[in-house]
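For reference, the chains in residue letters:
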Amino acid sequence: QMQLEESGGGLVQAGGSLRLSCAAAGRTFSNYAMGWFRQAPGKEREFVARINRSGGITSYADSVKGRFSISRDNAKNTVYLQMNSLKPEDEAVYYCAADFLGTGHLRDHREYDYWGRGTQVTVSS
């Protein structure tokens, strides 16, 4: 019953920046911790970042720490992923996901309740 829609993906040069957005509808947004995952061709879905319900606590995969930043605006029902210093290995489909009351294991995609359809990020050298 909750709908998530990602936007902001596209083609960017290595070293460049991109900001992804995920808009939520159908449920009370502040009841959900939010996560970003990504999946490249031939690879498993990979945890990228997570933010708690109020926005005060964040967590990142080691591969993106220091380069990516997750944030949320509960008044706009939107979560963001700011990606800086992009590398070719960051190329993937990026998905946002919602975890009701933030009770699931933060890095386990099976414990998120709702998912968007994804947005493609392509990084050229």
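Thresholds, definitions, all that
Residues numbered from 1 in each chain as written. Predicted model: local features only at pLDDT ≥ 70, side-chain atom pairs only at ≥ 80, totals over all residues. Heavy atoms only, no water. Pairing = 2+ DSSP bridges. Helix = DSSP H or I, 4+ residues; strand = E, 2+ residues; numbered from the N terminus. Axes fitted to C-alpha atoms, helices over the stretch in contact; angles between N-to-C directions. Core = buried A, V, L, I, M, F, W, Y, C linked by side-chain atoms within 4.5 Å. Buried < 20%, exposed > 50% of the residue type's maximum accessible area, 1.4 Å probe, protein only. Contact = heavy atoms within 4.5 Å. Disulfide = S-S within 2.5 Å.

Student: So what exactly am I meant to see when it comes to the sheet that holds strand 7 (residues 68-73) here?
Tutor: Strand-to-strand pairing in sheets goes through backbone hydrogen bonds, with the strands running parallel or antiparallel. Strand order in the open sheet formed by four strands is 1-3-8-7, with antiparallel pairing between adjacent strands. Single-partner strands in this sheet number two, and they are strand 1 (3-7) and strand 7. Between one strand and the next, the sheet's axes are offset by a mean angle of 15°, whatever the strand orientation. Where strand 1 lies against strand 3 (residues 18-25), five bridges are found, and the strand directions are antiparallel. Across the sheet, glutamate 5 pairs through a bridge with alanine 23, a residue of strand 3.

Student: Could you clarify how one ought to interpret the nonpolar core in this entry?
Tutor: In summary, soluble globular proteins display a tendency toward joint burial of nonpolar side chains. Ranked by internal contacts, the top residues of the largest apolar core, which has 33 residues, are Trp36, Leu81, Met83 and Tyr94. Broken down by secondary-structure element, the contributors of at least two residues to this core are strand 3, strand 4 (32-39), strand 5 (46-51), strand 7, strand 8 (78-83), strand 9 (92-100) and strand 11 (119-124). When residues of this core are assigned to their parent elements, the largest contribution, five residues, is made by strand 9. With sequence-adjacent residues up to four places away left out, methionine 83 is seen in contact with Gly16, Ser17, Leu18, Leu20, Arg67, Phe68, Tyr94 and Val121.

Student: Looking at this structure, I do not really get the state of the cysteines. What am I missing?
Tutor: One covalent bond between the sulfur atoms of two cysteine residues makes up a disulfide. Enumeration according to the criterion identifies one disulfide in this entry. Covalently, cysteine 22 is tied to cysteine 96 through a disulfide, its sulfur atoms 1.9 Å apart. Disulfide cysteine 22-cysteine 96: the torsion about the S-S bond is 45°, which places it as right-handed. Taken as a pair, cysteine 22 in strand 3 and cysteine 96 in strand 9 lie far apart in primary sequence, 74 residues in all. Accessibility classification places cysteine 22 together with cysteine 96 in one group, the buried group.

All we've got here are geometric facts, nothing functional implied.
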